[in-house]
Amino acid sequence: DPAEALRFLADHEVALVICDYRMPGMSGLDVLEKLPRPVPYYLVTGELEIPAPDGVIEVLEKPFPLQRLVEIARKYLD
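Rules behind the numbers
- Residues numbered from 1 in each chain as written.
- Predicted model: local features only at pLDDT ≥ 70, side-chain atom pairs only at ≥ 80, totals over all residues.
- Heavy atoms only, no water.
- Helix = DSSP H or I, 4+ residues; strand = E, 2+ residues; numbered from the N terminus.
- Rg over C-alpha atoms; globule rule 2.2 N^0.38 Å.
- Buried < 20%, exposed > 50% of the residue type's maximum accessible area, 1.4 Å probe, protein only.
- Contact = heavy atoms within 4.5 Å.
- Areas by Shrake-Rupley, 256 points an atom, 1.4 Å probe, with all protein chains shown as cover.
- Lys, Arg positive; Asp, Glu negative; His and termini not counted.
- Charge placed at Lys NZ, Arg CZ, Asp CG, Glu CD.
- Arc of directions from axis to C-beta.
- Polar contact = N/O pair within 3.5 Å; in protein donor to acceptor, adjacent residues only side chain to side chain.
- Pairing = 2+ DSSP bridges.
- Axes fitted to C-alpha atoms, helices over the stretch in contact; angles between N-to-C directions.
- pLDDT = per-residue confidence, 0-100.
- Phe/Tyr/Trp six-rings, centres within 6.5 Å; stacked < 30°, edge-to-face > 60°.

Looking only at helices and strands, the chain has three helices and three strands in total. Reading the chain from its N terminus to its C terminus gives the helix and strand order α-β-α-β-β-α. What you see for the chain is a C-alpha radius of gyration of 12 Å, in line with the 12 Å of a compact globule of 78 residues. Projected onto its principal axes, the C-alpha positions of the chain cover 30 × 30 × 20 Å. Buried residues in the chain amount to 29% of all 78 residues. Long-range contacts, defined as pairs at least 24 residues apart, comprise 40% of the intrachain contacts of the chain with a sequence gap of at least 6. Surface accessibility of the chain: about 5,200 Å² in total, with carbon and sulfur atoms responsible for 53%. With 8 positive and 14 negative side-chain charges, the chain shows a spacing of 2 Å between the two charge centroids.

Here we take up helix α1 (residues 2–11). Regarding α1, the residues found buried are P2, L6 and L9. The arc enclosing the buried residues of α1, seen along the axis, measures out at 60°, which places them on a common side. Facing away from the buried side of α1 by more than 90 degrees, the exposed set consists of E4, R7 and D11. The N-capping residue of α1, defined by a side-chain oxygen 2.9 Å from the backbone nitrogen of A3, is D1.

In spatial order, the strands read β1-β2-β3; together these three strands make up an open sheet with parallel pairing. With partners counted over all chains shown, the strands left at the sheet margins are β1 (17–20) and β3 (58–61), one partner each. Here the average twist between neighbouring strands, direction ignored, is 25°. When β1 meets strand β2 (residues 41–45), the two strands line up parallel, connected through four bridges. Each bridged residue has a counterpart across the sheet, and for C19 the counterpart in β2 is L43.

Further remarks concern the confidence of the model for the chain. Of all residues in the chain, 100% have pLDDT values of 70 or greater, and the mean over the chain is 94. Taken element by element, the chain is modelled with least confidence in β3, mean pLDDT 94, and with most confidence in β1, mean pLDDT 97.

Turning our attention to the packing of aromatic side chains. Considering all chains together, one arrives at one aromatic pair under this definition. Ring centres of Y42 and Y76 lie 6.0 Å apart, and the angle between their planes is 75°; this geometry places the pair in the edge-to-face category. Remark: Y76 occurs in helix α3 (residues 66–77) and Y42 occurs in strand β2; sequence separation between them is 34 residues. Residue Y42 is classed as buried on the basis of its relative accessible area of 2%.

As structure tokens, this is what we get:
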């Protein structure tokens, strides 16, 4: 739930956000615009081929290998 995620992000520091593009109520780009503070942001989509918009480090097109998520997580969480 994107609204719940934004409430969580308002109260907690996170190292990374990986967000789906299409969600109920708002898009992943809407979430990006409403972030309370800058955070590394990856967008996941299975519907469109788009370049990474401002603020998005990379657009991950579904399907993608699980290893790619591991690489991203290690980059920010190690």
